Amino acid sequence: MSVQLKRRRDTAANVAAFTGAQGELIVDTTNNRLTVHDGVTPGGWPLAKLSDVGAGTLTTRSTVADANYVIVTTDRMIGISALSASRTLTLPSAASFPIGVTLGVFDESGAASSTITATIAASGSDKIDGATSVAINSPYGFVQLQSDGSAKWTLVSRAASSLPAVGVGTPADASNPLSVYGASALFNGTSFNFTINKSAPTNTASILFQDAFSGRAQIGLAGDDNLHVKVSANGSTWTEAFVVNAATGQPSFPQGIAAGAPAGFRNRLRNASFAINQRAVSGTVTLAAGAYGHDGVKAGASGVTYIFAASGVDTSITVTSGSLILPIEPTLIEGGAYMLSHAGTAQARVWQGTGNTGTGNYASAPFAATGLTAASQTNVEFSNGTILRPQFEPGSVATAFERRPPSVELAICQRYFQTSYGPGVAPGTANAITPYAHCMDATQSYGTVNVALPVSMRSIPSITIYSPHSGYIGYVYNGNSGVDVVAFAGSVTQNGLMITVNGVSVPTSNSLYASFIASAEL
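Treat the numbers as computed from the prediction; the structure is a model and nothing was measured.

1. Details of the overall build of the chain
For the chain, the helix and strand inventory stands at two helices and 39 strands. Computed over C-alpha atoms, the radius of gyration of the chain comes to 38 Å, more than 25% over the 24 Å expected from 2.2 N^0.38 for 522 residues, which places it beyond the range of a compact globule. In terms of overall dimensions, the chain has C-alpha extents of about 125 × 70 × 45 Å along its principal axes. Across the 522 residues of the chain, 36% fall into the buried class. Restricting to contacts in the chain with at least 6 residues of sequence separation, those with at least 24 account for 53%. A gap of 1 Å separates the mean positions of the 26 positive and 28 negative side-chain charges of the chain.

2. Examining the environment of Tyr292
Position of Tyr292 among the secondary structure elements: in the loop between β22 (285-287) and β23 (298-311). On the basis of relative accessible area, Tyr292 is assigned to the buried category, the value being 11%. C-alpha separation for the pair Tyr292 and Val486, spaced 194 residues apart in sequence, amounts to 27 Å. Residue contacts for Tyr292: discarding those within four places in its chain leaves Arg270, Arg279, Leu287, Val297, Lys298, Pro327, Glu521 and Leu522. At 2.9 Å, the side chain of Tyr292 and the backbone oxygen of Leu522 are in polar contact.

3. A closer look at the nonpolar core
Formed by 28 residues in total, the largest nonpolar core has its most connected members in Tyr306, Leu324, Val350, Val380, Ile387 and Phe392. Within the residue set of this core, elements represented by two or more residues are β22, β23, β24 (314-328), β25 (336-341), β26 (348-352), β27 (367-372) and β28 (378-382). Top element by residues in this core is β24. It accounts for five residues. If near-sequence neighbours (up to four positions away) are discounted, Ile387 is found in contact with Phe274, Thr315, Ser316, Ile317, Val319, Leu324, His342, Ala346 and Phe382. Counting 23 residues, the second largest nonpolar core, distinct from the first, contains Val64, Val105, Val143 and Leu155.

4. Points about a nonpolar patch on the surface
Together, Phe187, Phe192, Phe194, Ile196, Ile207, Phe209, Ile219 and Leu227 make up an exposed nonpolar region whose accessible area comes to about 770 Å². By the element assignment, Phe187 lies in the loop between β16 (178-180) and β17 (204-211). By relative accessible area, which is 53% here, Phe187 ends up exposed.

5. Re the pairing of strand β2 (residues 25-28)
Alternating positions in β2 separate cleanly, Ile26 and Asp28 being buried on one face and Leu25 and Val27 remaining unburied on the opposite face. Here three bridges tie strand β1 (residues 8-10) to β2, and the two strands are oriented parallel to one another. Looking at β2, one finds that Arg9 is bridged to Val27. With respect to chirality, the unit in which β1 leads through helix α1 (residues 12-17) into the neighbouring parallel β2 is right-handed. Sheet analysis places β2 next to strand β3 (residues 33-36), joined by four bridges and oriented antiparallel. Of the residues in β3, the one forming a bridge with Leu25 is Val36. Between the end of β2 and the start of β3, which pair antiparallel, lie four residues, with Asn32 showing a positive phi angle near 50°.

6. Details of the side chain of Glu381
Looking at the element boundaries, Glu381 is found in strand β28. Here the side chain of Glu381 touches Ser323 through a polar contact of 2.6 Å, side chain to side chain. Polar contacts involving the side chain of Glu381 include one to the side chain of Tyr362, which spans 3.4 Å. With sequence-adjacent residues up to four places away left out, Glu381 is seen in contact with Gly300, Ser323, Leu324, Ile325, Gln347, Ala348, Arg349, Trp351, Gly358 and Tyr362.

7. A closer look at the sheet that holds strand β6 (residues 69-70)
The four strands are arranged β6-β8-β10-β12 in an open sheet whose pairing can be described as mixed. Because the sheet does not close on itself, it has two edges, and the strands there are β6 and β12 (133-136). Alignment of strand β8 (residues 87-90) against strand β10 (residues 118-121), held across four bridges, turns out to be parallel. Its bridge partner being in β10, Leu89 is matched across the sheet by Ile120.

8. Focus: the pairing of β23
Both faces of the sheet carry side chains from a regular strand, because those side chains alternate between them. Judged from the three bridges that link them, β22 and β23 form a sheet pairing that is antiparallel. Paired with Leu287 across the two strands is Val304, which belongs to β23. Across ten bridges, β23 lies against β24 in antiparallel orientation. Within β24, the residue paired with Val304 across the bridge is Gly322. Adjacent in sequence and paired antiparallel, β23 and β24 are bridged by two residues, among which Gly312 carries a positive phi angle near 65°.

9. A short note on the side chain of Ser179
Following the sequence through the fold, Ser179 ends up in strand β16. Not counting the four nearest positions on each side in its chain, Ser179 is found in contact with Val166, Gly167, Val168, Thr170, Pro171 and Asp173.

10. A few points about the packing of aromatic side chains
Counted by the stated rule, this structure contains eight aromatic pairs. The interplanar angle of 50° and the centroid separation of 5.7 Å between the aromatic rings of Phe187 and Phe192 together place this pair among those described as tilted. Of the residues examined, Phe192 reaches a relative accessible area of 42% and is grouped as partly exposed. A connected cluster of aromatic rings, assembled from ring pairs, spans Phe187, Phe192 and Phe194. Across from the ring centre of Tyr416, 6.0 Å away, lies the NZ or CZ of Arg415, which sits over that ring.

Calculation rules
- Per chain, residues are indexed from 1 in the order of the written sequence.
- In view of the model being predicted, local features appear only for residues whose pLDDT reaches at least 70, and side-chain atom pairs are presented and counted only at 80 or more, with totals across whole chains, interfaces and linings using the full set of residues.
- Based on all heavy atoms of the structure, the side-chain values leave hydrogens and waters out of the count.
- For helices the rule is a DSSP run of H or I covering at least 4 residues; for strands it is a run of E covering at least 2, with both sets numbered from the N terminus onward.
- In this description the radius of gyration comes from C-alpha coordinates, and the expected globular size is given by 2.2 Å times residues to the power 0.38.
- Think of it in three bands: residues with accessible area under 20% of the maximum for their type are buried, residues over 50% are exposed, and the middle band is partly exposed, with areas taken using a 1.4 Å probe on protein chains only.
- Residue contacts are counted whenever heavy atoms from the two residues lie within 4.5 Å of one another.
- Two residue types count as positive, namely Lys and Arg, and two as negative, namely Asp and Glu; His and chain ends fall outside the count.
- The location of each charge is read from NZ of Lys, CZ of Arg, CG of Asp or CD of Glu.
- Two N or O atoms count as a polar contact when they lie within 3.5 Å, although within protein this holds only if one can serve as hydrogen donor and the other as acceptor, and sequence-adjacent residues are included solely when both atoms are side-chain atoms.
- Buried residues of nine kinds, namely Ala, Val, Leu, Ile, Met, Phe, Trp, Tyr and Cys, make up a nonpolar core once their side-chain atoms join them within 4.5 Å.
- What goes into a patch is any residue over 30% in relative accessible area without a salt bridge, connected to like charges within 9 Å or, for nonpolar side chains (Val, Leu, Ile, Met, Phe, Trp, Tyr), within 5 Å.
- Surface accessibility follows the Shrake-Rupley procedure with a 1.4 Å probe radius. Residue values consider only the protein chains on display as shielding.
- Counted as salt bridges are all cases of a side-chain nitrogen of Lys or Arg within 4 Å of a carboxyl oxygen of Asp or Glu.
- Here, any two strands with at least 2 DSSP bridges between them count as paired.
- With the strands aimed away from the viewer, a crossover counts as right-handed if its path from the first strand over the helix to the second runs clockwise.
- Put simply, two rings from Phe, Tyr or Trp (the six-membered ring, in Trp's case) pair if the centres are within 6.5 Å, and we call them stacked under 30 degrees between planes, edge-to-face over 60, tilted for the rest.
- Whether a charge sits over a ring comes down to the Lys NZ or Arg CZ being within 6 Å of the ring centre and within 35 degrees of the ring normal.

The structure is reproduced here in structure tokens:
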């Protein structure tokens, strides 16, 4: 048996004269409307129907095409369809706009920018979050506002690119576009640049370190384009500790260097202990003119033959014929006088220029080379005899041999030459382990092995690709099919490259393995 529930009902006239019980619902049959009663008000409180709050009341959309506009109280969404110059859209008074209803203004043209803005202005003495206006100043930007029904508008949402200031963990600060409070911050990416830009050379672009909002250290471009490091004990008096000249790259220490060991990186020779041997040369090494053996050493114009052996924690090289050149790139030469010293027996000469043919007479070290031209490739060339702990440093005084950590020395060498082969494995060795591989996620006629070089190289390097399986040049190895595949290097930069297979079908889940060397030698 079904049950029907019926509410009290009557005509509008009778309902208007009737006082219902508190919470009672009575149907107005004339207007097809419910009324809610409170026990004291004749007629109760009529409820709105959908037709009362339809498009004509709460969902009105207006389109503004490249013009100023006075927003009306029935507007709910305003689309700016065109914008060729800055325009102003004036709000109605906050008192006249329904409370709790959102008004949105949208740049549908995509033409808004920092110079072409759509400004939403408050009416009279009304405020928008305490201001007289708010602007859309980025393409497809928007703002959404609500009125308090009195004299205030609140921004409930806006495009992130239009925000005048952002606070993360702290209130936004009008003086700082970005304010962050917290224990740490992370910026992550495959490659990531943190850029601080200034509009003119005499302005400042720097990082300022403070203690209780009082400056203590500053690093950056302060008043010119040189790199400055400044410190302060009180936030008002600053002392410049370090400057790097933007034109020459030459560092200076306005306050001098504290007593102790000589400043690091005085030795302009790389791999002066001969510990780095990325090419894995062994036994009696014979090189043609200009060819490299140990990192940082190459054959002179007549080639070279040498042997090498451990000498304590260092390696000594003995030249038995020809000559051995230790080249120094131009950016490491400030010009003037330099001192050459070493603990071996081989005589040496210092000359400037590229290539492998040196000039000048050989002499026993230590000796000073004077009058060197700044920013010019400089070469230290040794004749027959032993070479042990060579050092080439600014000035006319030989100091103790500078022993750099192996990881630092390797990174210096990798600026000029890098290999995917492990220590002691010569490039082109068959059945070599490689860390560079790519597994295909679909059958394709191409595949790539992306390589990020561990050290940025001196210049865009030349690349030689090897199959780690056979050692053949110009191939990678398909570990699933067991065959070498023709490959080439592309997108080569100082920081990485892509090893690409093209025109050969590579099935799904097949893995490509690649070995390589990268050379940016002098």
